[in-house]
Each structure stands twice: as structure tokens, then as C-alpha cells.
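Chain residues, written in single-letter form:
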Amino acid sequence: HGDWAPGADRADPVSILTDQDASRLEWLVPVRHARMAESAFAFYRGGAAIMAADLAGTPSIGVSAQLCGDAHLANFGSFASAERRQVFDVNDFDETLPGPWEWDVKRLAASMVVAAWDNGFDDKTARSAARAAVRAYQDAMSEFASTPALQVWYAQLSLARLREGIPRKSDRKAFDKAVKKARSKNSQRALGKLTETVDGERRIRSQPPLLIPLRELAAHFDRDNLRSTVEKNFRDYVESLPQDRRRVLHRFSIVDMALKVVGVGSVGTRCWIVLLQGRDHGEPLFLQIKEASASVLEAHLPTSAFDHPGQRVVNGRRLMQASSDLFLGWSGTMDGGHYYWRQFHDMKGSADVAAMDENRLKHYGGVCGWTLAHAHARSGDAVAISAYMGSGKVFPRSLAEFGMAYAKQNQADYDAFRQAITDGRIEAHEV
């Protein structure tokens, strides 16, 4: 597991990315490139397809789990449970698919090294950070292997429990501040930040190119047709929800919608936010409609059991997360794509990886390692995975070495990507 070297027939990483661009909104592709060009870690975040191709040639013991598919340390975070508690979990499932559990762990380990180098830390620190994340995964999987199935299923990492593990008082104060900020993120707050009232009607503000209301997209979409399609898709989406959630959403009507740029690797995919309003009391509800396509893992693993990519994402999320979004569901096709729906920014919080010192990075890596192990234990064979890893230092050390080697590969790919921008092979600009 510790070895990594590119094969002679390894695909050009820049070509892998530009192949993905073909299905994206052409006028947003340069924004994606600009965001990926910001740092080696930003490039890593957008390069899941590159690493999927590389992982396909690495060893596996043949035990599958539901994979995140893009388990780098920035794809973990906090959000609201259905009971309005803040919890911490894996929070990105665009690439989810059943597959070798080792792939997620290796992506996490390499992300620790890439992030450490981006923060200016030396190789010793980077290796130690990767080892800490994998050791936490190993220890957690051992715990889950000896835990009854229902207890594994019910286990959850609350922010209160997360806070207990923070050793320094100053870090706990910073954590409390971040939690408070995340808790304030809800539809009411989004209403004040993202909307305005014009002629007595509430509408989403224009903030191009990152937020563009439907009324301004005539050059790119048939607005009337798209609005009609969204209305139909909303009805389809509601039908994908459990009966009790349907009752709630039947009390809301769509007011406005806008195209929104999100993330790094997702830039250029069709992502919308929709403002709904309660029919009786006028309360706001923001939902996000995100395009779902085939997982990057499907080029190297059996294709999804779900014909609808949005259903693949929703079912993968429900399987891996201890508590999923109350309004998580999927709908039919729209503008040629498939979509899934969820609440927008519902108490969502994320760690500022770039601001972490060495100790914070190691601690956070450990939290992510535990969380990933829990996600895998819910769907995979915790006993077999734990038995293979054992309790010694060999597995964490091996994956830390893989992380070091793959981070070097990522740096070389990032340099090639930046050179392609300089040479004019690809275009990059934020606005």
C-alpha cells in the first residue's frame, strides 16, 4: 500500500480535467480552472477523476464499502441533523459508489500531506499528519468491529463531543465561535443576504458570475421553459421524499431561482438555488438543486445500481451519514441533466484548513479518520477491514508513505496544469 509510481501509460491529468469540462457550462469552465490553480490543495480538491484512475491500479483486499469517492479533508464538516442538532460527518457525495475501502483512506491520507505542504510544513510534519488520520481510522474501525450493529448505526459525532477532544483553551474558543457562526446559517439568514424586494416582490439578488438569477440567463437558457421544468421537477422531487416530508413541502411555493457557482471541482456543473415561501406564513426555505452525473469511480468500478445519478448520490449519502438532510431527495431531468435536492447552507460549517497549525491539522485529521471509518462501518464489513489492518503501526505508516508519494504526484500534475494555463492550452479566470 505504501508504494506509488505512475505507470508508463498513465493518462495526461490535464486531459482528464478538460474531458470533464465538455459536459459543463462553457462560460464557467475558466472559473473552475482559476480556482484549481490557486494552490496544490485546490487542484487536489478538483482532481478526483485523476486520482480515481490512479487508485484503480493499487492493491485492494477485495472488501467493499460505500465510498465517498472524494474523501479529502475539506469534504468533512458540520451541518444540521433532522432534530436541529449540529453534527459532524462526511459532507460531499457527488462521487459516492460502492468500492474498495482503501481508496477513500488513501485519498484522505494524501490530502493530509498536500494540505500540510500548502501550509508550509516540512515532510516530517506532513507524514505525521497523514499517519495520524490513518491511525484514527484504524482505531475507530477496531472499535466498530467489536460494537453491535445497531450501536454502530446509531453512533454520531456531535459538535459537543468534538469539542471535548480539543486540548487547548484558545482552540476551544475559536471552535465555539465557528459553531455559533455555522448555527446562524439558515434560510432566514440567506433571505437577508441573497435576496431583495423589488416592487413588493422578493427576488434573488444578482451577483454575477457566482450568483445569477434566472431572469438574467436568457443568453444561456430558455427561461420560461426552465422555470416550468423546475416546477415539474419540484413535484417529482417531493415524491422522492418520505411521506412526512412531503406534507411539509406541499405548504411551500417556488418564488425565484438562480444559478450558483459552488466549490472547486463542481464549478461548471449546473447548480441552482431555489427560494420557496410558505403559503400560510411566508417563511423562507432555500433549497439547492445540484447536477449529478456518473461518479468518477464508475470508469474503474462496476456502474451504479441506480440509473439516476441523483438517486445514487442520495442513497450513498443516507448510507454513509449518521444523520442526513431532512429534505434530501432527487428529481428527473432538467436541461439534459439529472439532479438531487437538499437544503441550502443549513447550519453548514467547515474547517479552515489553511489556518491550521501542525497540532490542529493532526487533530482534525484524526477526527476525519474516525468519521470516515464510521461511514465505512455502516456499509462495509468492519470486522474484515479491522482484521486486515491489525492494531500495529504498519498500516498507518504504509498509507502515510503512499500519501507522501502521491502528494508529489499531485504537485507534478498541478505544475503541468499551471503550465497548460500559461501556454494557453486552457483558459482560467475568476470573473
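Residues numbered from 1 in each chain as written. Predicted model: local features only at pLDDT ≥ 70, side-chain atom pairs only at ≥ 80, totals over all residues. Heavy atoms only, no water.

**Things to note about the overall build of the protein**
Reasoning step 1: The number of helices and strands found in the protein is 16 helices and 13 strands.
Reasoning step 2: For 431 residues, the compact-globule formula gives about 22 Å, and the C-alpha radius of gyration of the protein, at 21 Å, lands near that figure.
Reasoning step 3: Seen along its three principal axes, the alpha-carbon backbone of the protein occupies a region of about 65 × 55 × 45 Å.
Reasoning step 4: Considering the protein as a whole, with its 431 residues, one finds that 54% of them fall into the buried category.
Reasoning step 5: Taking the contacts inside the protein whose residues are at least 6 apart along the sequence as the reference set, 75% of them involve residues at least 24 apart.
Reasoning step 6: Here the protein has roughly 18600 Å² of accessible surface; of this, 48% comes from carbon and sulfur atoms. (Helix = DSSP H or I, 4+ residues; strand = E, 2+ residues; numbered from the N terminus. Rg over C-alpha atoms; globule rule 2.2 N^0.38 Å. Buried < 20%, exposed > 50% of the residue type's maximum accessible area, 1.4 Å probe, protein only. Contact = heavy atoms within 4.5 Å. Areas by Shrake-Rupley, 256 points an atom, 1.4 Å probe, with all protein chains shown as cover.)

**Focus on the packing of helix α5 (residues 101-118) against helix α6 (residues 123-145)**
Reasoning step 1: Interhelical geometry of α5 versus α6 gives an angle of 150 degrees and a closest axis separation of 8 Å. Classified by the angle their axes make, α5 and α6 are roughly antiparallel. The chirality of how α5 crosses α6 is right-handed. Along the contact surface, α5 presents Trp-101, Val-105, Leu-108, Ala-109, Met-112, Val-113, Ala-116 and Trp-117, while α6 presents Asp-123, Ala-126, Ala-129, Ala-130, Ala-133, Val-134 and Tyr-137.
Reasoning step 2: Across the contact of α5 with α6, the residue classes tally to 14 nonpolar, no polar and one charged. (Axes fitted to C-alpha atoms, helices over the stretch in contact; angles between N-to-C directions. Parallel < 35°, antiparallel > 145°, perpendicular 65-115°, else oblique. Left-handed = near helix turned anticlockwise from the far one by under 90°. Nonpolar A, V, L, I, M, F, W, Y, C, P; charged D, E, K, R; others polar.)

**Some words on the packing of α5 against helix α14 (residues 358-379)**
Reasoning step 1: Relative orientation of the contacting elements α5 and α14 amounts to 170 degrees, with a least axis distance of 11 Å. Taken together, the axes of α5 and α14 lie roughly antiparallel to each other. Between α5 and α14 the crossing geometry is right-handed. Residues Trp-101, Asp-104, Val-105, Leu-108, Met-112 and Ala-116 of α5 lie in contact with α14, whose contacting residues are Leu-361, Gly-365, Cys-368, Gly-369, Leu-372 and His-376.

**Observations regarding the sheet that holds strand β3 (residues 86-90)**
Within a sheet, each strand pairs with its neighbour through backbone hydrogen bonds, oriented either parallel or antiparallel.
Reasoning step 1: The strand order across the open sheet built from three strands is β2-β3-β5, with neighbouring strands paired in antiparallel fashion. Where the open sheet ends on each side, the last strands, each with one partner, are β2 (76-80) and β5 (157-158).
Reasoning step 2: Two strands pair when backbone bridges link them, and β2 and β3 are joined in this way by five bridges, in the antiparallel orientation. Along β3, the bridge assignment pairs Gly-77 with Asp-89.
Reasoning step 3: Contacting β2, β3 and β5, α14 crosses the sheet at an angle of about 75 degrees to β3. (Pairing = 2+ DSSP bridges.)

**Topic: the pairing of strand β7 (residues 201-204)**
Reasoning step 1: By the bridge criterion, four bridges tie strand β6 (residues 195-198) to β7 in an arrangement that is antiparallel. The residue bridging Thr-197 from the neighbouring strand is Arg-202, located in β7.
Reasoning step 2: Taking the residues between adjacent antiparallel strands as the criterion, β6 and β7 are bridged by two residues, where Asp-199 takes a positive phi near 55 degrees.

**Considerations on a positive patch on the surface**
Reasoning step 1: The grouping of Lys-177, Lys-181, Arg-189 and Lys-193 at the surface amounts to a positive patch.
Reasoning step 2: Inspection of the secondary structure assignment puts Lys-177 in helix α9 (residues 169-183).
Reasoning step 3: Overall, Lys-177 belongs to the exposed group, its relative accessible area being 65%. (Patch = residues over 30% accessible without salt bridge, like charges linked within 9 Å, V, L, I, M, F, W, Y side chains within 5 Å. Salt bridge = Lys/Arg side-chain N within 4 Å of Asp/Glu carboxyl O. Lys, Arg positive; Asp, Glu negative; His and termini not counted. Charge placed at Lys NZ, Arg CZ, Asp CG, Glu CD.)

**Brief notes about the environment of Trp-272**
Reasoning step 1: Considering the arrangement of structural elements, one finds Trp-272 in strand β10 (residues 271-278).
Reasoning step 2: A residue is classified by how much of its surface remains accessible, and Trp-272, at 1% relative accessible area, is buried.
Reasoning step 3: Separated by 67 residues in the primary sequence, Trp-272 and Tyr-339 have C-alpha atoms spaced 9.9 Å apart.

**What to know about the packing of aromatic side chains**
Aromatic ring pairs: the centre-centre distance and the angle between the two ring planes describe each pair.
Reasoning step 1: Counted by the stated rule, this structure contains 14 aromatic pairs.
Reasoning step 2: The interplanar angle of 5 degrees and the centroid separation of 4.6 Å between the aromatic rings of Tyr-237 and Trp-341 together place this pair among those described as stacked. Residue Tyr-237 is located in helix α11 (residues 223-239), and its partner Trp-341 is located in strand β13 (residues 337-343); the two are separated by 104 residues in the primary sequence.
Reasoning step 3: For Tyr-237, a relative accessible area of 0% puts it in the buried group.
Reasoning step 4: Cluster of aromatic residues (ring-pair linked, three or more members): Trp-101, Tyr-137, Tyr-388 and Phe-395. (Phe/Tyr/Trp six-rings, centres within 6.5 Å; stacked < 30°, edge-to-face > 60°.)

**A few points about the state of the cysteines**
Reasoning step 1: Taken as a whole, this structure holds zero disulfides when the rule is applied.
Reasoning step 2: The structure places no disulfide on Cys-271, whose sulfur is separated from the nearest cysteine sulfur, that of Cys-68, by 17 Å.
Reasoning step 3: A relative accessible area of 1% places Cys-271 in the buried class.
Reasoning step 4: No disulfide involves Cys-368; its sulfur sits 11 Å from that of Cys-68, the nearest cysteine. (Disulfide = S-S within 2.5 Å.)

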